Amino acid sequence: MKKEISSRQLGILIFISMLGFKLTFLPASLYKYARTDGIISFFLALIIDLICFVLVFITFLRNEDVSFSAFLEKRIGMFFAKIVYFLFFIFFIFKLFFLISAGIYFVKEAIYEEGTLSLFLFLFLLTINSLFLFKINAFSRTVEFFFPMIFFVLVFIIVLGFLTSNFHSLTPLFVRNSSEIFNGTFRNFISFGDFIFILPFMGKVNFEKIKTNVIKFVCYALIILSSFYIAYFSFFKYTAYMHFHAITDIIEFVPLAAIIENLDWLPTTLMLTIFLFQGPIYLFVVVNSLYNITKTRKFSYDKRFILIPFNIIFILLELLLFYGAISMLVLSQQVASFVCFAISVFVSILCFAISFIKKKTERKKHYIVKLYNEDLKWISEMKNFNKKLAIKKSFKVGGAK
Amino acid sequence: MKKFFEFSFKRPILVLIFIISAFSIFSCAIKPSQSTNHAILRAVGVDKIGDEYEVSILSFTSSSTQNFSENYTLTSAKGESITQALQLAGDYLGKQIALAHLSTIVVNLQASENLTETLDYFAREYVVNNSTNIICTNTTAKEFLEKTLPLESEDSSNESNIVTHNAKFVTGFDSNIESVYESANKPSRTTFVSYLKLADEGVDLSGENNSASSDSSGGSGNSESGQKKEDKKLENDGSVVVLVKGKNAGILESEDVRNLSWGTPNTKKSNINLQNYSDENLQDATVVLVCQGRRVKKEAYFDGDIPCVKFSLSMQLDVMEILQKNALIKTYIPKTTHFNDKMRRDAKEKIKSDFYTSFEKIKQLNADPFNFYEMLEKKDKNKFKNYIYSLENQEDYMKGIKVVMEINLRKN
């Protein structure tokens, strides 16, 4: 199979997918359920996510040259493969809805309050669709190019927050009931479970140094997220409910001269970049899933044709049903989070389990080789096929019988 | 032409860039600058009069000047809520309110009675940072902004700098939106808010570079331009308003604030005056000692069922000034000679008595600025809960806490 992206680029995509909502709405949302124990809820969700990642990654490593559709079809059949793709579709379409709504809400508050929904939708969808149309290798190179900037700005923001904000002790922890802590974890699982996006990338990744690169970038993301959450829950131990946009609020105590006044352009730019890079990842999985659900053995088509009807339906649904990040947040904390949790865990376990199923064996092709010496005498026999015959002489093809 | 269309269709992104650029350039060219239709606010004053709010806004006016000063306009409006009053004030100015550069909110004492309610609008508004300074004043916020307007125009010492100075060197507490809401939510529920007064003595506001205008357009409660009614001055003596659960519990005078600052590691400088001090070198002198390198450690413990907190202070004191009527020693002698054991003992006694006296006042206000609640709860949750439940009124937990101070004066 043609390898479209390198292992380093895959690692960076995983890094980007682990951020996103976790840097904006998630901390305040966790605080709503579990107060200062929201940090426990976060780490609990992260542990579940990491377990799923390990299962998914092992599945990925065991199938270097197999595409995900071939992997599923040969092990569980086409019908059940389509069901798995349908689950992918549900999971990532909801994440895409939430991403767009959350991104628009963030941009509206942080940059341009008077902007209309249609303006932001146009900009977001145009960028996400364009990045998707560039194909995965160009998109991955783009993300790889911006990665140092994203990483440096994130680290800078966290360090700046630690240097300028008032630090409260995180203890005492486990003050709230376990039900509140678990509630906080499961009702906010919409922000987790992104690892399963690497499964549709199966067979497209160059496996050189894959373990080193992927584990390295996952560790970077874990360290940054852990530091960020420790910073947030320490600074805003009693007022986290007021800080809905976590990444911009942890640096609001930086004393700056009037000429600069606010540094929140830095996290705003960062979050816009992350949202615009997460969108194509989700769109890739959604389009891939839709294609695999609708294709048959006799009928296949260019995946890009899905984009136009998909975008029209998406815009209509966004305008009519899912307008506003708050309504999306409420919806995500009711049924959607549990559905996302169920799908991400189920898909991870399923794919891990079926990776141990032996592929349906194909009929071995048999070759019969006949060797003739100069005297045109057949020197090989069926029973001698197991022996290795060193060919020392070249034989003329054709010639006399 | 055909080649142009072929080129364009093969590269649709270029067509898109051209369309977006053409649209953006023309729309940007015809739009007026933001400062024309936005009032950039630097300070807001909130006065609560009965059930109504009067909001005074200090907005930056962009204009070219030769003396590098900034011009501000003060406008007032009344409304049933702060949102309504702000919108009215913006209408009077003929501009939309822009709060992104807000650095100070001034409130009068009536508005500080329930400060979390007063600041609700600003806390919800995304563009207003929670690091915006809060100032309480003895007069109306409108008069305060009017009288301090020249300070803003010179940009040399504005109210924000004063509040930051107080937090670092006087009170040890931040006075901003974040700290007010913290006091409403944390168990110890206390914070201090800077209390700046307009008084007969203080900073002279009649500066030479007073190019600020104090006009306002329309509306009730207008400010007058260029008039000095009474010569009132800005006085920052370090007094604070004590907030308990986001509400004004009382005013702490500067002397008490400075006495309590011994228990705060955050304040940078403190000094003690030993009055009528006599020893083998000095006779009936006033000795001023300055503290260097103070370390404060607080430890909570239970003496049986009585909750106790011990402050352990470690610092170095230097003799900074000696005021003596009948000078026995006229020549200058190095500081270390004077700092003897008697001075050390007297300094310790003075610090302790000052601290305990001021701490009693804090107890009467049911304020807990040192977070005793959290410390005792962390130390022994069950014992502390038993103590709390044993009280007739659980809000009065401070009254039963015993405070002990130990001071270690390091040798120079």
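Residues numbered from 1 in each chain as written. Chains lettered and ligands numbered in written order. Predicted model: local features only at pLDDT ≥ 70, side-chain atom pairs only at ≥ 80, totals over all residues.

The next subject is the overall build of chain B. Along the backbone of chain B there are 14 helices and 14 strands. Taking all 412 residues of chain B together, the buried fraction comes to 39%. (Helix = DSSP H or I, 4+ residues; strand = E, 2+ residues; numbered from the N terminus. Buried ≥ 20, exposed ≤ 12 C-beta atoms within 10 Å, placed from the backbone.)

Time to look at the overall build of chain A. A count of helical and extended segments in chain A gives 12 helices and 0 strands. Ordering the α and β elements of chain A from the N terminus gives α-α-α-α-α-α-α-α-α-α-α-α. Taken across its 401 residues, chain A has 42% of its residues classed as buried. For chain A, long-range pairs separated by at least 24 residues make up 85% of all intrachain contacts whose partners lie at least 6 apart in sequence. (Contact = placed C-beta atoms within 7 Å.)

Each partner contributes to the interface: chain B provides 14 residues, whereas chain A provides 11 residues. Its residues assigned to classes, the side of chain B that touches chain A shows 4 nonpolar, 5 polar and 5 charged. (Nonpolar A, V, L, I, M, F, W, Y, C, P; charged D, E, K, R; others polar.)

Here the focus is the domain arrangement of chain B. All names here are of chain B. Segmenting chain B into domains produces domain 1 (34-252) and domain 2 (256-409). On the domain 2 side, the residues contacting the 18 residues of domain 1 number 19 residues. Going through the elements one at a time, α8 (159-169), β7 (190-199), β9 (240-244) and β10 (247-252) are the ones with two or more residues in the side of domain 1 that touches domain 2. When the residues that make up the side of domain 1 that touches domain 2 are grouped by side-chain class, the tally is 9 nonpolar, 7 polar and 2 charged. (Domains from an automatic or database assignment.)

Paired through their backbone hydrogen bonds, the strands of a sheet run either parallel or antiparallel. Residue and element names in this part refer to chain B. In spatial order, the strands read β11-β12-β13-β14; together these 4 strands make up an open sheet with mixed pairing. For this open sheet the edge positions go to β11 (271-277) and β14 (402-409), each flanked by a neighbour on one side alone. Going across the sheet, the axis of each strand differs from the next one's by a mean of 35°, ignoring polarity. Relative to strand β13 (residues 306-324), strand β12 (residues 285-303) runs antiparallel, the two being bridged by 17 bridges. (Pairing = 2+ DSSP bridges. Axes fitted to C-alpha atoms, helices over the stretch in contact; angles between N-to-C directions.)

Here the focus is the nonpolar core. One finds I14(A), V56(A), I198(A) and Y232(A) to be the most contacted residues of the largest nonpolar core, which totals 111 residues. If you tally residues by element for this core, the top one is helix α4 (residues 68-110) of chain A, at 21 residues. In this structure, V56(A) is in contact with F195(A), I196(A), I198(A), L199(A), S348(A) and C351(A), ignoring residues within four places of it in sequence. With 89 residues, the next largest nonpolar core counts I272(B), L282(B), A347(B) and I362(B) among its residues. (Core = buried A, V, L, I, M, F, W, Y, C linked by C-beta atoms within 7 Å.)

Looking now at helix α2 (residues 26-34) of chain A. All names here are of chain A. Within α2, 8 of the 9 residues are buried, which leaves the element mostly enclosed by the surrounding structure. What α2 keeps buried is the set L26, P27, A28, S29, L30, Y31, Y33 and A34. Of the residues trailing α2, R35 is marked for its positive phi of about 50°.

This next bit is on helix α12 (residues 341-364) of chain B. Residues and elements named next belong to chain B. When the terminal C-alpha atoms of α12 are compared, their 35 Å separation across 24 residues agrees well with the 34 Å that a helix rising 1.5 Å per residue should span. If you check which residues of α12 are buried, you get M343, A347, I351, F355, S358, F359 and I362. Immediately beyond the C-terminal end of α12, within one or two residues, lies N366, with a positive phi of roughly 60°. (Expected span 1.5 Å × (residues − 1).)

Another aspect to go through is unusual backbone geometry. Residues and elements named next belong to chain B. Of note in this structure, R189 is not a glycine but carries a positive phi near 45°. Position of R189 relative to the elements: it lies in the loop between α9 (177-185) and β7. Overall, the presence of 22 C-beta atoms within 10 Å leaves R189 in the buried class.

All names here are of chain A. The N-to-C vectors of helix α5 (residues 117-133) and helix α11 (residues 307-320) enclose an angle of 150°; their axes lie 12 Å apart at closest approach. Viewed along their axes, α5 and α11 adopt a mutual orientation that is roughly antiparallel. When the axes of α5 and α11 are compared, the crossing they make is right-handed. Taking contact as the criterion, the partners of L121, L125 and N129 in α5 are, on α11, L307, N311, I315 and E318. Tallied by class, the residues present in the contact of α5 with α11 amount to 4 nonpolar, 2 polar and 1 charged. (Parallel < 35°, antiparallel > 145°, perpendicular 65-115°, else oblique. Left-handed = near helix turned anticlockwise from the far one by under 90°.)

The subject of this paragraph is the confidence of the model for chain B. All names here are of chain B. Mean pLDDT over chain B stands at 82; residues scoring 70 or higher make up 84%. In the predicted structure, residues 205-229 sits below a pLDDT of 50 and forms 64 contacts with residues beyond four places in sequence or in another chain. Interface predicted TM-score (ipTM) for the complex: 0.81; the corresponding pTM is 0.83. (pLDDT = per-residue confidence, 0-100.)

Moving on, we come to the packing of helix α1 (residues 7-18) of chain A against helix α10 (residues 265-294) of chain A. All names here are of chain A. Running from amino to carboxyl end, α1 crosses α10 at an angle of 115°, the nearest separation of the two axes being 9 Å. Classified by the interaxial angle, the pair formed by α1 and α10 is roughly perpendicular. For the element pair α1 and α10, the recorded crossing hand is left-handed. Of α10, the residues touching α1 (which contributes L13, I16 and S17) are I274, F277, Q278 and I281. Across the contact of α1 with α10, the residue classes break down as 5 nonpolar, 2 polar and no charged.

With that settled, the discussion passes to the environment of F233(A). Residues and elements named next belong to chain A. On the secondary structure map, F233 appears in helix α8 (residues 210-235). On the basis of neighbour counts, which here come to 24 C-beta atoms within 10 Å, the residue F233 falls in the buried class. Distance from F233 to R35, taken between C-alpha atoms, is 9.2 Å for residues 198 residues apart in sequence. Setting aside chain neighbours within four positions, we find F233 in contact with T36, G38, I39, L170 and A240.

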